[in-house]
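Structure at a glance
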Amino acid sequence: MEPLAERLRPKTLDEYIGQCHLVGEGAVLRKMIEAKRIPSFILWGPPGVGKTTLAQIIAHQLETPFYTLSAVTSGVKDVRDVIQRAQNNRFFQTASPILFIDEIHRFSKSQQDSLLGAVEKGIVTLIGATTENPSFEVIRPLLSRCQLYVLKSLERDDLMQLLERAVTQDIELRKRNIILEETGALLRYSGGDARKLLNILELVVGADDGEQVVITDARVVERLQQNPLAYDKDGEMHYDIISAFIKSIRGSDPDAALYWMARMIEGGEDPKFIARRLVISAAEDVGLANPNALLLANAAFDTVMKIGWPEGRIPLAECAVYLATSPKSNSAYLGIDAALAEVRKSGNQPVPLHLRNAPTSLMKDLGYSDGYLYPHDYPGHFTPQQYLPDALRQLRLWHPQHSPSEEKMYQWMRTCWGERFE
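Attention here is on the structure that accompanies the text. Note that residues are indexed from 1 along each chain, following the sequence as it is written. Totals for whole chains, interfaces and linings use all residues, but because this is a predicted model, local features are given only for residues with pLDDT of at least 70 and pairs of side-chain atoms are given and counted only at 80 or more. Computation of side-chain values covers all heavy atoms of the structure but excludes hydrogens and water.

**Section: the environment of Val 167**
Helix and strand definitions follow DSSP, with helices as H or I runs of at least four residues and strands as E runs of at least two, each counted in order from the N terminus. As for its position among the elements, Val 167 is in helix H9 (residues 156–169). For the pair Val 167 and Asn 177, spaced ten residues apart in sequence, the C-alpha to C-alpha distance is 8.5 Å. When near neighbours in sequence (up to four residues on either side) are disregarded, Val 167 contacts Leu 173, Arg 174, Ile 178, Leu 180 and Leu 201. Two residues form a contact once any of their heavy atoms are found within 4.5 Å.

Here is the structure:
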């Protein structure tokens, strides 16, 4: 018999639980599905949140051939074979066949390259699923041809809805008198993963021979016989521990940073994942308070890629301690977010004429680059002039935070711009 998770796999969008921001009434992906016109896209999210299910629902609703490949077991030849079959099965005026690739982040560059032509020509509509950040794992040419949709861990209400559906609608479970007396342990161990939740429920119910099954937290813990502190690199604990790791660095606690790193290493975490998080932390949390932090984080990343485990733990630990003990500033992080918010609010403001490039005589006649002051021609390599659009000339986005390093930058800005940086 099929596992419970497979028996309860939704067949329609109305049965689909969670991801309302994508498939709820009026949401972007639902509109495209209902219009039967979808682009190639990548679904990024943690395990068990419905990536594969959503792809299958789309294929069913569009009534188009559905091909699936696993990045773990498929090679370039498999990709080309599927593309050839899809091309042969494509009929005039019909939607492109869907090619679903699970764990697309595990595809090599050559495997991803083999998809480009078929995606660009519309031979297939690609739907990729990944638990890893596509910016790091998917080649840029392929990523640029796909939309990216982020799926979230299921919320408590979503999981409760799934539990109720399981005990009342599943062909096997509804034969039993299942009482959900306590659900805290079920929800905690599932970690927002629908598949894991249903697997745990099936395990607990299957271990009881009585006609009535009362689900309690104690019974769930007893049946699982698992340490609640165990590291699950595919589940909620993966995200909890990396969160604790980053917050320990941000909070300047090197001991805690090393502890959480050790938990990840012992749990079999991918060293690239740890190294990437260190690079992000160096830029986001240490920032301009110690610009060398980003250099060290990048060096640690490169070193780990060269030497691997187990020696790779040493440069990662060195970097974690360095970041944790460094002064902190998020002024650059706040500055770029403020700039993005301003761009979205004020739109495409024109570039002042004196800042424009003038490669042709016509552009020079139109005033392009006219009046631009070359800073290196002036004492201190600075002279005041307007760099922002006219409508935003007084805009301030970067606000220094007075660590020793940024204090020096701040004082130089005051020397250059005077009252603007008061």
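**What to know about the sheet that holds strand S3 (residues 98–102)**
Strand pairing is assigned whenever DSSP identifies at least 2 bridges connecting the two strands. Within the open sheet, the five strands sit side by side as S2-S3-S4-S1-S5. Their pairing is parallel. Edge positions in the sheet fall to strand S2 (66–70) and strand S5 (147–150), since each of these pairs with one other strand and no more. Neighbour-to-neighbour, the strand axes of this sheet turn through a mean angle of 20 degrees, independent of strand direction. In this structure, strand S1 (residues 41–44) lies alongside S5, joined through four bridges in parallel fashion. Along S5, the bridge assignment pairs Ile 42 with Leu 148. Between N-to-C directions, angles cover 0 to 180 degrees, with each direction set by a line fitted to C-alpha atoms, over the stretch in contact for helices.

**Describing helix H4 (residues 51–62)**
Expected span, for any helix, means 1.5 Å times one less than how many residues it has. Given a rise of 1.5 Å per residue, twelve residues ought to cover 16 Å, and the 17 Å separating the end C-alpha atoms of H4 matches this to within 8%. Of all the residues in H4, the buried ones are Lys 51, Thr 53, Leu 54, Ala 55, Ile 57, Ile 58, Ala 59 and Leu 62. Check the buried side of H4 and you find it contacts helix H2 (20–23), helix H3 (28–34), S1, S2, S3 and strand S4 (125–130). Glu 63 occupies a position one or two residues after H4 and carries a positive phi of about 55 degrees. Relative accessibility under 20% of the residue-type maximum defines a buried residue, over 50% an exposed one, and the middle range a partly exposed one, all with a 1.4 Å probe and only protein chains included.

**Topic: the pattern of salt bridges**
Take a side-chain nitrogen of Lys or Arg and a carboxyl oxygen of Asp or Glu: if they are within 4 Å of each other, that pair is a salt bridge. Taken as a whole and judged by the stated rule, the model has 17 salt bridges. Note that Glu 120 is salt-bridged to Arg 145, the shortest N-O span being 3.2 Å. One end of the pair, Glu 120, is in helix H6 (residues 109–121); the other, Arg 145, is in the loop between helix H8 (140–144) and S5, and 25 residues separate them in sequence. Classification of Glu 120 by relative accessible area gives exposed; the value is 56%. Residue Arg 145 is classed as partly exposed on the basis of its relative accessible area, which comes to 30%. Across the salt bridge formed by Glu 284 and Arg 250, the nearest N and O atoms sit 3.7 Å from each other. Within this pair, whereas Glu 284 is found in helix H15 (residues 271–286), its partner Arg 250 is found in helix H13 (residues 236–250), the two being separated by 34 residues in sequence. Residue classification places Arg 250 among the partly exposed residues on the basis of a relative accessible area of 36%.

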